[in-house]
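Here are the chains, one letter per residue:
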Amino acid sequence: MATVNPPIYRASTVVFECAEDMLDANRGNYKGAVYGTDRLPGQRALEEAICELENGALCRLFQSGISAISHTLMAFLESGDHILVCDNVYGPTARFCHRILPRYNIDVDFVLPTVGSDIERYIKPNTRLIFLESPGSNTFEIQDIPAITGIAKSKDIVTVLDDTWATPLFLKPLDLGVDLSIQSVTKYIAGHSDLLMGAVTVNQARAEEFERYYQWMEIYANADDCYTALRGIKTLLVRLNQHQASGLKVAHWLESQREVERVIYPALSSHPQHHLWKRDFKGASGLFAFLFKPEYAEQEIIHFVNRLKLFDIGYSWGGYKSLITVGQFSRSHSSDYAGKTILRLNIGLEDAEDLIVDLARAMGQMQA
Ligand SMILES: *Cc1c(COP(=O)(O)O)cnc(C)c1O
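Residues numbered from 1 in each chain as written. Predicted model: local features only at pLDDT ≥ 70, side-chain atom pairs only at ≥ 80, totals over all residues. Heavy atoms only, no water.

Caption draft 1: The site of the ligand, seen in detail. As a matter of local geometry, the ligand sits amid 15 residues, with Gly-65, Asp-162, Ser-184, Thr-186 and Lys-187 nearest to it. Within the side chain of Thr-186, an N or O atom sits 2.5 Å from an oxygen atom of the ligand. Its free accessible area being 380 Å², the ligand has 92% of it covered by the protein chains. Examining the composition of the shell around the ligand, we find that 3 residues originate from one element, helix α3 (residues 65–76), more than from any other. Its residues placed into classes, the shell around the ligand shows 6 nonpolar, 6 polar and 3 charged. (Near = heavy atom within 4 Å. Polar contact = N/O pair within 3.5 Å; in protein donor to acceptor, adjacent residues only side chain to side chain. Areas by Shrake-Rupley, 256 points an atom, 1.4 Å probe, with all protein chains shown as cover. Helix = DSSP H or I, 4+ residues; strand = E, 2+ residues; numbered from the N terminus. Nonpolar A, V, L, I, M, F, W, Y, C, P; charged D, E, K, R; others polar.)

Caption draft 2: Local environment of the sheet that holds strand β7 (residues 198–202). Taken in spatial order, the 7 strands of this open sheet run β1-β7-β6-β5-β4-β2-β3, and their pairing is mixed. For this open sheet the edge positions go to β1 (58–62) and β3 (107–111), each flanked by a neighbour on one side alone. The mean inter-strand angle of the sheet, taken between neighbouring strand axes irrespective of direction, is 20 degrees. Both strand β2 (residues 82–86) and β3 contribute to a ladder of 5 bridges, which runs parallel. Counted as the bridge partner of His-82 is Asp-107 from β3. Across the sheet, helix α2 (residues 41–54) is in contact with β1, β6 (180–184) and β7; its angle to β1 comes to roughly 125 degrees. (Pairing = 2+ DSSP bridges. Axes fitted to C-alpha atoms, helices over the stretch in contact; angles between N-to-C directions. Contact = heavy atoms within 4.5 Å.)

Caption draft 3: Molecular detail of the packing of aromatic side chains. Per the stated rule, a full pass over the model turns up 11 aromatic pairs. Considering the side-chain rings of Phe-62 and Tyr-214, the 5.3 Å spacing of their centres and the 90 degrees angle between planes classify their relative orientation as edge-to-face. Of the two residues, Phe-62 sits in strand β1 while Tyr-214 sits in helix α7 (residues 204–217), which places them 152 residues apart along the sequence. Residue Phe-62 shares its accessibility class with Tyr-214, and that shared class is buried. Members of the aromatic cluster, each reached through a chain of ring pairs, are Phe-62, Phe-76, Phe-210 and Tyr-214. If you follow Arg-60 out to its NZ or CZ, it ends over the ring of Tyr-214, 5.8 Å from the centre. (Phe/Tyr/Trp six-rings, centres within 6.5 Å; stacked < 30°, edge-to-face > 60°. Buried < 20%, exposed > 50% of the residue type's maximum accessible area, 1.4 Å probe, protein only. Lys NZ or Arg CZ within 6 Å of the ring centre and 35° of its normal.)

Caption draft 4: The arrangement of the sheet that holds strand β12 (residues 342–346) in detail. Sheet architecture is open: 5 strands sit in the order β8-β9-β12-β11-β10, paired in mixed fashion. On the outer flanks of this sheet lie β8 (260–264) and β10 (312–313), each paired with one strand and no other. Pairing between β10 and strand β11 (residues 323–327): 2 bridges, direction parallel. Residue pairing in the sheet places Ile-313 in a bridge with Ile-324 of β11.

Caption draft 5: The arrangement of the nonpolar core in detail. One finds Leu-73, Ile-83, Trp-165, Leu-254, Phe-292, Phe-304 and Leu-345 to be the most contacted residues of the largest nonpolar core, which totals 109 residues. Every residue in contact with Phe-292, bar those within four places of it in the chain, is listed here: Glu-259, Val-260, Glu-261, Ile-301, Phe-304, Leu-343, Met-363 and Met-366. (Core = buried A, V, L, I, M, F, W, Y, C linked by side-chain atoms within 4.5 Å.)

This is the structure in structure tokens:
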């Protein structure tokens, strides 16, 4: 029997046809899966799909985006190494670098979120890896990726980019010289806020080292989640185009409101690195941020958020449901936003006009 979609295998034990096959497996010479941790067919199908979109040599899946990130760092680093991390990375990524890596004698320096060829100034003789996220979480600065990878290549430094915002449909980091591209599959690829998963796609140069680490650590992804994410990937382009169209509509509307100080969205010409976005990206997804003018007190902003009906208050993004987060996110270098409350919108698949009506109603009751 054949079906359009692949079957789901739930398994610890994989059975061999004969004893000779098991003996081959014992010696590491067996081609197929040998155990439940050995990447069952659904996982392999999803890895292949993501690998193709990323133009990579190898893709491996993890239990979450942050697990993909921490394991990628562990795969390439050892005691005595130094790494550079752009300062606008996802919070838990920064926390892992800050709290866990120093325990293993790995030295971490954070660099400006808008870093480009000036990264050269921070490179030390023991710099082993550069970690980028473009645009960055919450503040959406964009790095000059080719300028950085050009320098990194000349010094044999591994480059990693968290590509969750753009997905491989709107940015292909490996084509710009990055060694490893990371997706939080949780977000747009899965697309329905119902699972957690991460993916790392690697170029030829770094594939073997990464593949070995993954196998030795016996990491794997859950079969049901692989099936669901594979379903998500089939509608990714359709959804992204809609997120982009609605995102632009809402962002333009916000930019024209007198209460709003600033909208931070790479697709707007007002974004400081709009030129880099235009040069390197094929599109913008539906996640961006805005700030109210300073005359609006924190309490007014909190009331605004609570009045919204179509935007649920919650972390994560990339799903069909519109969401909002509120908070102060500036770290040491991101002084542009120090002490300021940033509102981040995940523009979902609802009608953009309805979303604008909801925002307008909640904003109309604000007092300066
Ligand atoms: C959410 C997110 C992650 C982590 O993904 P999880 O699957 O939630 O662990 C990593 N990077 C970015 C940019 C994210 O937004």
